[in-house]
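# Structural overview for review
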Amino acid sequence: MKKELEALKQRYIAAKSENEKQVIDAEMAELMAGHEDDFAQAMLEIAKDTADMAEQVVIRERLRDILPIISVAYIAKTYFGKSKEWFYQRLNGNLVNGKPAEFAKDELTTLQAALQDIAKKIGSASVS
């Protein structure tokens, strides 16, 4: 059910006319008929996936201005024990093993602590 709904969602996004959208709405209503529980579960999963993707976009947007200033390789190695490629895979949502990579909740906590640590180090630096 989820795959069918995802396909309808993509078609709806790409629709160029109101008529196309109405056809897709009718297909969605037909898909739901008699399968309300499965339909609702699939819609909840799609909504969660969308929220997760939006969270990743927000993270990328928040880091956009500082990433050119700081070393991603340093953050990845020092705070995660990983490579800069690993970090960028999660930041950009690249496909890894067929699924978009993303930061886990504990990794986001680590990233927040890393940024605060770096800010503290920069703030305490002095040349005089």
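Look above for the structure.
All right, on to the overall build of the chain then. Looking only at helices and strands, the chain has six helices and two strands in total. At 21 Å, the chain has a C-alpha radius of gyration far larger than the 14 Å of a compact globule built from 128 residues. When the backbone C-alpha atoms are referred to their principal axes, the chain occupies close to 70 × 30 × 20 Å. Per-residue burial for the chain yields a buried fraction of 21% across its 128 residues. As displayed, the chain has an accessible area near 9,100 Å², and 57% of this comes from carbon and sulfur atoms. If you average the places of the 18 positive and of the 21 negative side-chain charges in the chain, the two averages end up 11 Å apart.

In this section: the environment of Ile13. Its place among the elements puts Ile13 in helix α1 (residues 2-14). Distance in space between the C-alpha atoms of Ile13 and Arg60 is 23 Å, their sequence separation being 47 residues.

Glancing now at the nonpolar core. Ranked by size, the top nonpolar core spans 16 residues in total, and within it Leu63, Ile75, Phe87, Leu91, Phe103 and Leu111 carry the most contacts. The residues touching Leu111, leaving out its near neighbours within four places in the chain, are Leu63, Ile75, Phe80, Phe87 and Phe103. The next biggest cluster of nonpolar side chains, apart from the first, holds seven residues, and it includes Ala15, Ile24, Phe39 and Ile46.

Now for the packing of aromatic side chains. Scanning all chains against the criterion turns up six aromatic pairs. Between Tyr74 and Tyr79 the ring centres are 6.0 Å apart and the planes differ by 80 degrees, which places this aromatic pair in the edge-to-face class. Linked through ring pairs, Phe80, Trp86, Phe87, Tyr88 and Phe103 together constitute an aromatic cluster.

Space inside the largest pocket adds up to approximately 370 Å³. What lines the largest pocket is a set of 15 residues, among which Met53, Lys99, Pro100, Ala101 and Glu102 lie closest to the centre. Listing elements by their share of the lining of the largest pocket, those giving two or more residues are α3 (36-63), α5 (84-92) and β2 (99-100). Among the elements that make up the lining of the largest pocket, the one with the highest residue count is α3 (six residues). Among the residues forming the lining of the largest pocket, the class breakdown is five nonpolar, three polar and seven charged. Each pocket or cavity is described by its volume, and for the second largest pocket that value is around 170 Å³. In this structure, the second largest pocket is lined by Ile59, Arg62, Leu63, Ile66, Leu108, Leu111, Gln112 and Leu115. Top element by residues in the lining of the second largest pocket is helix α6 (residues 105-124). It accounts for four residues.

One way to put it is that α1 packs onto helix α2 (residues 18-32) with a least axis distance of 10 Å and a crossing angle of 170 degrees. Relative to α2, the element α1 lies roughly antiparallel. The interaxial crossing formed by α1 with α2 has left-handed handedness. Two secondary-structure elements touch here, α1 through Glu4, Leu5, Leu8, Arg11 and Tyr12 and α2 through Lys21, Ile24, Asp25, Glu27, Met28 and Leu31.

About the thresholds
Residues numbered from 1 in each chain as written. Predicted model: local features only at pLDDT ≥ 70, side-chain atom pairs only at ≥ 80, totals over all residues. Heavy atoms only, no water. Helix = DSSP H or I, 4+ residues; strand = E, 2+ residues; numbered from the N terminus. Rg over C-alpha atoms; globule rule 2.2 N^0.38 Å. Buried < 20%, exposed > 50% of the residue type's maximum accessible area, 1.4 Å probe, protein only. Areas by Shrake-Rupley, 256 points an atom, 1.4 Å probe, with all protein chains shown as cover. Lys, Arg positive; Asp, Glu negative; His and termini not counted. Charge placed at Lys NZ, Arg CZ, Asp CG, Glu CD. Core = buried A, V, L, I, M, F, W, Y, C linked by side-chain atoms within 4.5 Å. Contact = heavy atoms within 4.5 Å. Phe/Tyr/Trp six-rings, centres within 6.5 Å; stacked < 30°, edge-to-face > 60°. 1 Å grid on protein atoms, 1.4 Å probe; cavity = no way out; pocket = protein on both sides within 12 Å on 5 of 7 lines; lining within 4 Å. Points joined across faces, edges and corners; volume = space filled by probe spheres on them. Nonpolar A, V, L, I, M, F, W, Y, C, P; charged D, E, K, R; others polar. Axes fitted to C-alpha atoms, helices over the stretch in contact; angles between N-to-C directions. Parallel < 35°, antiparallel > 145°, perpendicular 65-115°, else oblique. Left-handed = near helix turned anticlockwise from the far one by under 90°.

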